Amino acid sequence: MGLLEARDDEERAALVETGRLLFAKPCEFFFAAQRIDQLPPPGLPEIALCGRSNVGKSSLINALVGHNALARVSHTPGRTKQLNFFDLGGRLGLVDMPGYGYAQAAKAVKEDWQGLMFDFLRGRPTLRRVLLLLDARIETKASDEAAMGLLNEAAVGFQIVLTKADDAKPYWLAQRQLQAAELVRKYTAAHPLVITTSSEKGTGIADLRAELATLAEE
């Protein structure tokens with residue numbers, strides 16, 4: 001049961017507490033892969049995080065696990081072209097995917113994700129969900145929609161997470177949430193729940209932890 005299925009405040013609070021307890025466990029980096037034949041053997045259920053460079057992915061990972069420097073915040077977006085694996089308390093794997101650059105065009109995203117990225121998405125049996133991060137401050141880019149199309153093509157369930165909500169004006173944030181809800185309806189692989197977050201203020205972090213906890217190993 002996820003947040004959408006919670007019938008009342010008590011069930012929702014229980015889910016949030018389960019998420020808090022899970023993400024209070026130690027989280028450790030344990031593997032990096034630059035080729036498909038370097039991937040660690042499938043084990044724990046895995047959640048992968050992806051998005052355009054500078055969308056706030058590293059900051060969100062750090063906020064989720066309550067660690068200021070678990071995932072490094074890059075000052076040279078788009079340079080890392082490897083998958084970084086983290087073990088959360090022996091119950092959930094987090095996979096930090098490379099950002100798909102500042103690309104505006106679908107072709108550039110496909111070039112960024114060809115080989116390792118797409119093979120990982122399509123062939124990883126333990127991958128439970130991909131979190132696709134969208135910047136709440138700016139409009140959805142062609143590259144974002146291209147990424148959604150590739151996830152849909154790979155038949156990988158993905159969930160939209162809006163980031164940097166603290167930096168968006170209230171009216172604009174409401175519009176972005178509506179736009180995200182419309183995007184969800186376009187793709188069969190999209191999860192219906194859009195979560196709005198701020199790594200700076202902590203907005204939405206408890207809800208995201210609660211949702212991911214439903215995918216963790218018992």
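Residues numbered from 1 in each chain as written. Predicted model: local features only at pLDDT ≥ 70, side-chain atom pairs only at ≥ 80, totals over all residues. Heavy atoms only, no water.

1. Some points on the layout of surface pockets
There is about 170 Å³ of room inside the second largest pocket. Among the residues forming the lining of the second largest pocket, the class breakdown is 1 nonpolar, 5 polar and 5 charged. (1 Å grid on protein atoms, 1.4 Å probe; cavity = no way out; pocket = protein on both sides within 12 Å on 5 of 7 lines; lining within 4 Å. Points joined across faces, edges and corners; volume = space filled by probe spheres on them. Nonpolar A, V, L, I, M, F, W, Y, C, P; charged D, E, K, R; others polar.)

2. Comments concerning unusual backbone geometry
Peptide bonds are, in most cases, trans, and in most cases residues other than glycine have a negative phi. Positioned with a positive phi, Asn54 is a non-glycine residue whose angle comes to about 75 degrees. Assignment of secondary structure puts Asn54 in the loop between strand 2 (46-51) and helix 2 (57-65). Residues other than glycine seldom take positive phi values, yet Ala155 does so here, at roughly 60 degrees. (Helix = DSSP H or I, 4+ residues; strand = E, 2+ residues; numbered from the N terminus.)

3. Re the confidence of the model for the protein chain
Here the protein chain shows a mean pLDDT of 88. Residues at 70 or above account for 88%. Predicted confidence is poor over residues 73-79, with pLDDT under 50, and the contacts of this stretch with residues over four places away or in other chains come to 8 contacts. (pLDDT = per-residue confidence, 0-100. Contact = heavy atoms within 4.5 Å.)

4. Brief notes about the pattern of salt bridges
One pass over the structure, following the stated rule, counts 12 salt bridges. When salt bridges with common partners are traced through the structure, they connect Asp135, Arg137 and Asp167 into a single cluster. (Salt bridge = Lys/Arg side-chain N within 4 Å of Asp/Glu carboxyl O.)

5. Side note on the pairing of strand 2
A large share of strand 2 lies buried, amounting to 6 of its 6 residues. With burial as the criterion, each face of strand 2 is covered, one bearing Glu46, Ala48 and Cys50 and the other bearing Ile47, Leu49 and Gly51. Sheet topology places strand 2 next to strand 4 (residues 92-96); 4 bridges connect them, and they run parallel. Its bridge partner being in strand 4, Leu49 is matched across the sheet by Asp96. Across 6 bridges, the pairing between strand 2 and strand 5 (residues 127-135) is parallel. In the sheet register, Glu46 faces strand 5, and the bridge partner there is Leu127. (Buried < 20%, exposed > 50% of the residue type's maximum accessible area, 1.4 Å probe, protein only. Pairing = 2+ DSSP bridges.)

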